[in-house]
Structures are given as structure tokens and as C-alpha cells.
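# Per-entry structural report
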Amino acid sequence: MPKKPPHFAYLIAVRQADETDRVYAILAKTVEEAIQLAAEQEPAGPAPRHVGLLGAPMAKRMELKVGEVRIV
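The rules behind the values
Residues numbered from 1 in each chain as written. Predicted model: local features only at pLDDT ≥ 70, side-chain atom pairs only at ≥ 80, totals over all residues. Heavy atoms only, no water. Helix = DSSP H or I, 4+ residues; strand = E, 2+ residues; numbered from the N terminus. Buried < 20%, exposed > 50% of the residue type's maximum accessible area, 1.4 Å probe, protein only. Contact = heavy atoms within 4.5 Å. Areas by Shrake-Rupley, 256 points an atom, 1.4 Å probe, with all protein chains shown as cover. Lys, Arg positive; Asp, Glu negative; His and termini not counted. Charge placed at Lys NZ, Arg CZ, Asp CG, Glu CD. Core = buried A, V, L, I, M, F, W, Y, C linked by side-chain atoms within 4.5 Å.

## Concerning the overall build of the protein chain
Assigned secondary structure in the protein chain consists of two helices and four strands. Helices (α) and strands (β) of the protein chain occur, in sequence order from the N terminus, as β-β-α-β-α-β. For the protein chain, the C-alpha atoms occupy an extent of roughly 50 × 20 × 15 Å along the three principal directions. The proportion of buried residues among the 72 residues of the protein chain is 29%. Taking the intrachain contacts of the protein chain between residues at least 6 apart in sequence as the baseline, contacts between residues at least 24 apart amount to 53%. When the accessible surface of the protein chain is totalled, it reaches about 5000 Å², and 59% of it is carbon and sulfur. If you average the places of the 10 positive and of the 9 negative side-chain charges in the protein chain, the two averages end up 11 Å apart.

Below, the structure is given as C-alpha cells:
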């Protein structure tokens, strides 16, 4: 039986107008895919950037779905 491809819970930050960051948790295969999903959430914002990863237990507790974008 083929194994499912790995997904990681990436933390992606987008700078806001008031100089704070909005951080999203995104379950995706690659950083590039996660950044693209965050950019779709805030098309007028500056370029999103990768700021970290969530551990597998935390992602499971949050019940993140593949491709879901959630503010943390």
C-alpha cells in the first residue's frame, strides 16, 4: 500500500499595516505551497514569509486539514 506523502504544519507570517504580523498555521507539503496559500488570504499584504513549524502533536490537536489556513 502506498504511503501518504508527508505534510508539515508551517507557520507563515504576513506583515500588517500597523507593523504587527498575522501568523497562519498551514498544513502543506512544501514551504512554497504554504506561502502561496497565505498570500491568497491577504493579496494586498506584503510577501508572506516562513517563520517556523508546528509539531505534529500540536497540529493534530488543532485538527488542521491539508490546505487549511488558520490564524494562530
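There is more to say, and it comes next.
## With respect to the nonpolar core
With nine residues, the main nonpolar core is built from Tyr10, Ile12, Val14, Tyr24, Ile26, Ala28, Ala34, Leu37 and Ala38. At the level of elements, strand S1 (8-15), strand S2 (21-28) and helix H1 (31-41) are the ones that each hand at least two residues to this core. Beyond its immediate stretch of four places on either side in the chain, Ala34 contacts Tyr10, Ile12, Ile26 and Ala28. Of all hydrophobic cores here, the second largest spans seven residues; its members include Leu11, Ala59, Met62 and Leu64.

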